Amino acid sequence: MTKIKFILFLVATVSCFVTGAQNITVSGYISEAGSGERLIGATVFVPGRNIGTTTNAYGFYSITLPADTFTLRYSYIGYQSQVKQISGKGSQQVNIEMKQEKGLEEVVITSQKDAIQSRTQMSSIDLPIQTIKSLPAFLGEVDVMRAIQLLPGIQAGNEGSTGIYVRGGGPDQNLILLDGVPVYNASHLFGFFSVFNADAIRSVEVIKGGFPARYGGRLSSVVDINMKEGNKEKLHGEGGIGLIASRLTLEGPIQRGKSSFMISGRRTYYDLIAKPFMRGAVRGGYYFYDLNGKANFQLGKKDHLYISGYFGNDKFYARQSNNSNGLLNTDFRTNLQWGNATAVGRWNHEFSPKLFGNLTTYYSRYRFMVSAQTKNQLVGSNEEYLLKYSSGINDKAVKYDFDYLPGANHYIKAGVGFIAHTYKPGAQQTKIRSILANQDTTIGVDDIHANEIDAYIEDDIRISSRFKTNIGLHWTGFSVRNQFYHSIQPRVAARYLITDELSAKASFVQMNQFIHLLTNSSIGLPTDLWVPVTDKVPVQKSYQYAAGMAYTHRTGIEVSVEGYYKTMDNIIEYKEGASFFNTATNWEDKIEIGKGWSYGGELFVQKKKGRFTGLMGYTLSWTNRQFDNLNMGKVYPYRYDRRHDFKIAGIYSLTDRIELSAEWLYGTGNAITLPVAYHSGLEGDEVLVYGERNGFRMPSYHRGDVSIKFSKQKKNWERAWVVGVYNVYNRRNPFYVYSSTNSSGNNAFKQMSLFPIIPSITYQFKF
Amino acid sequence: MKLNIIAITAGILLFASCEKEITVDVPPHEPKLAINSVAYTGDTISIMLGKSVDVLKHKYGANLGVSNAVVQLQAGDKAAVTMKYDNASGMYISDMVAEPGIAYSVKAIAPGFKDVSATTRAPGIVKIQSLQRIKDVRLDIDGNTQDELRLTFDDPAGEKNYYIVIISASYMVNNYEETAYSGCVNTPDPSVETLYDESIDQNTCIESNGIFLRDELFDGKRKELRLFVRSTDLQAVEMPGLGMVYPTIEIQHVTEEYFRYIKSSRYAAINSGNPFAEPSNVYTNVKNGFGIFSITHSEVMEIK
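## Side note on the overall build of chain A
Each helix and strand in chain A was counted, giving 4 helices and 49 strands. Of all 767 residues assigned to chain A, the portion counted as buried reaches 50%. If you take every contact in chain A between residues at least 6 apart in sequence, the share linking residues at least 24 apart comes to 65%.

## Overview of the environment of Tyr385 of chain A
Its place among the elements puts Tyr385 of chain A in strand β25 (residues 381-407). The exposure class assigned to Tyr385 of chain A is partly exposed, which follows from the 17 C-beta atoms found within 10 Å.

## Here's the deal with the sheet that holds strand β10 (residues 128-139) of chain B
All names here are of chain B. Spatially, 5 strands are ordered β10-β11-β18-β14-β16 in an open sheet, and the strand pairing comes out antiparallel. Strands at the two margins of the open sheet, each flanked by one partner only, are β10 and β16 (206-207). In terms of strand pairing, strand β14 (residues 184-186) meets strand β18 (residues 222-230) through 2 bridges, oriented antiparallel. Bridge pairing in β18 places Val185 opposite Val229.

## A few points about the pairing of strand β9 (residues 116-121) of chain B
All names here are of chain B. Burial along β9 is one-sided: the face carrying Val116, Ala118 and Thr120 is buried and the face carrying Ser117, Thr119 and Arg121 is not. With 6 bridges joining them, strand β8 (residues 103-109) and β9 adopt antiparallel strand pairing. Directly across from Val106, in β9, lies its bridge partner Ala118. Linking β8 back to β9 in an antiparallel pair, the connection comprises 6 residues, with Gly112 at a positive phi of about 90°.

## Brief notes about the nonpolar core
Val144 and Ile148 of chain A together with Ile35 and Leu49 of chain B are the most contacted members of the largest nonpolar core, which totals 158 residues. With near-sequence residues (within four places) excluded, Leu49 of chain B lies in contact with Leu33, Ile35, Gly65, Val66, Ala69, Val71, Tyr92 and Ala108 of chain B.

## Overview of the sheet that holds strand β5 (residues 70-75) of chain A
Residues and elements named next belong to chain A. Sheet architecture is open: 4 strands sit in the order β3-β2-β5-β6, paired in antiparallel fashion. The open sheet is flanked by β3 (51-54) and β6 (82-86), the only strands paired with a single partner. Neighbour-to-neighbour, the strand axes of this sheet turn through a mean angle of 20°, independent of strand direction. Note: strand β2 (residues 43-46) against β3, 4 bridges, orientation antiparallel. Residue Val44 lies in a different strand from β3, and its bridge partner there is Thr53.

## Here's the deal with the confidence of the model for chain B
All names here are of chain B. The predicted model of chain B has a mean per-residue pLDDT of 87, with 90% of residues at 70 or higher. Across chain B, the secondary-structure element scoring lowest on mean pLDDT is helix α1 (residues 2-15), at 48, and the one scoring highest is β8, at 97. This prediction of the complex comes with two scores: 0.83 for pTM and 0.86 for ipTM.

Cut-offs and rules
- Residues numbered from 1 in each chain as written.
- Chains lettered and ligands numbered in written order.
- Predicted model: local features only at pLDDT ≥ 70, side-chain atom pairs only at ≥ 80, totals over all residues.
- Helix = DSSP H or I, 4+ residues; strand = E, 2+ residues; numbered from the N terminus.
- Buried ≥ 20, exposed ≤ 12 C-beta atoms within 10 Å, placed from the backbone.
- Contact = placed C-beta atoms within 7 Å.
- Pairing = 2+ DSSP bridges.
- Core = buried A, V, L, I, M, F, W, Y, C linked by C-beta atoms within 7 Å.
- Axes fitted to C-alpha atoms, helices over the stretch in contact; angles between N-to-C directions.
- pLDDT = per-residue confidence, 0-100.

The following block contains the structure:
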């Protein structure tokens, strides 16, 4: 294995220096005409030579060819293609501004990088933000994570949850990045909404396997979300007023053509609506909000600075006040709040037409806090009692990434990074102020500090006009509690173009994960706790093998079929009987360590252009777990082992002003543990006997949603009404199942469902 | 963290729409016998024999006892005796006295059920060597004054030993004596474990009705267990006709089987009805059936 790793490394390194003489290098940036927003993944192609490249995350491209006269074709789906004649020697900078296509094509602006069969990368899907916005929305709130759940190989957890389970992996195994910054808890309202405001998002890419070496730290998926940069030419805005929340986004130039800003906010208003109706001594409410901001500055021809941030919070609160004849005033307050904050600065520098660098420094914080406070005011004395519990995680990081394009046959990416993690597994504060006592005590596990360093190198190698590979290595070192863990993770992907429309792909990746999420709720509870590996809790590892075919029909319909096999070692589960509440202390003692594996096949069909667009995904999969101390050591199905998972979604533009959309989802019921019997106990009591762990199935899940959008172009702005119905045929899907007595007094299994048919209406505007 | 649970549950209920009865493909449960017996050394051994019933056929409060079985009890190599069913108590009784260090086995045969059996070895006698109470030694996390109890006993060498320490106090309710447990006990002792086998510190709340220890760290040695108990929980009570009634400390020398049974039984009870906790089964040492067959040695001392 070491030899293989060495050979791979050698190939990748040597390839850096393979360049031809008498070449011409064309480089530059591709951006959207009218806004100056850089386009990620736009294609630069040399017709007739089957050579091309794509823009990186900052819109930069570079292509080096033997000195000659040739044509470059610039394309990006949803935008008008452009052609440039290139001749001469040396380096040339060609910046391109691409115009959006007119008419109905504009409705389906997509961010597809290049034809699906051409990419070396497999198991990856770019989800056009416009598709996400056009799909039926739960309670009228467009949700990025909910749209991601429509993709094959990606499953939702429970009813209503925005959490994702990718190819048999757990909820902790997804690296969710917002402008390159990890977001640790991407949920609002116990997982019913995600923290990503679609109006502030520019692109979404999901990778389920065949991970390039630049990604690391999680076993199962990467969800790479980028915020809008902001319009560099003129002020624009968009927003929406919905049943539960409203949002507003503004973007515009700071200095025309050189710098821009984007700011976006969203807030729910259940608390504000309910407030006038609350009478009496008890008051309470709930709200969440998000605030996204971004600014970017062109610092010269070769430098660009991006600053962005996100801040979001959820808060439940309740207050009760009593006044007993003016003698005793009692004030009781309780709060439950949690939220993420991220801040990132990125500085691009173009060292040469072939070498692009990016320095990133970021901060990411998740915190959870619950508190209860009682104040008693007696005649002549005051008493105060406070109980507060808090937990969370902080990251501070710096990294440098290079893109090096020595020739048309290589695209090398390399980088190094450092992250300082601070884990706060939980602390409880008790404060008492009274005549009898005056104390302020904090107990709990001390903060755990860990340092993570990583380095990677990958090369997308064009071996022939039909055969491409992406070979890379990712190294991670993790230091915690005087222990140092490290791993070298090889990544290999290959693509063979059978015809111009059809390719075969295969990949192998090893992924390591140095953090764990303590959860068994599956609904994205704010109490879910991130903890590092320790001497008791080892590093999670996975190996994933995947193979498949990708095809693009001349009508633009893309089809991919993939099979995968994934193993996961050192995954954790709570011990039998352990509850995930009160995770403040001794979490290492509450868990079991075991392994899991998943295999299956996925079919994905997507149509991106035309009046009708849509996608269809089907997954056939098996996912199992085995822990020595759970289920008597026997293999059992994972809770989200889902034999069949089918999703279909379509968007139809009836006219320029009316758009219909619908989706339907079906999934095999979740695996659950159920009681099978009672027996008499030691105290004459009755003891419940459970069957095999996850040995039973909930009823299957299926749901249909529809929506219709009526748009109207006004003089200087556009408005739209979106009417939607979630769960249109009122399917009662299971949230959880339990045994209880029915109306006849007999025992029966009952299911709790959450969401019946829910209509919604949203008003949207854009200027 | 009750507050936490309540707030989260309330949040979820905001969105809760309905429940309905469903059919789950659960194969019919084959009824099994359940043996339940934990005798104290020095007492005669009796057994409560019950049965299991399919969860969907179960009626709350239904009699799960089995009275038509043949139950045989055997001590060591001696001949097995057939236990007699006692209608009054609903138990199978014997004249066999549980003796420390002796192995016992029981077998039950009943029509319609698979035969069940269980074996156990009565733990040896472990006497309390001393009990010292030091008053007002520290404050607990809530600012209450605590007394320290120092309980000393000798652990038998060369074997795995399990102990459960219980602190209880008495009080009067309507002229009747009631026993109550003291609530939280703190201890820095690394041999003490919680229900979930968590490591503990001096602020961890250990319920006084089950302070669990195993002798891995003090095998064959004299053990001094230091416990901190709220001073108010250790007050003696004047009771009519009984005089001064003092709180007690009990040390139970138990079998590994009972130790595992009682812990699993308690956390199953705690998580009962919690849809988010992972369900768990109660431990059994009964072959082909359910329940617990064990013997315990107990020593009790007043806390003065």
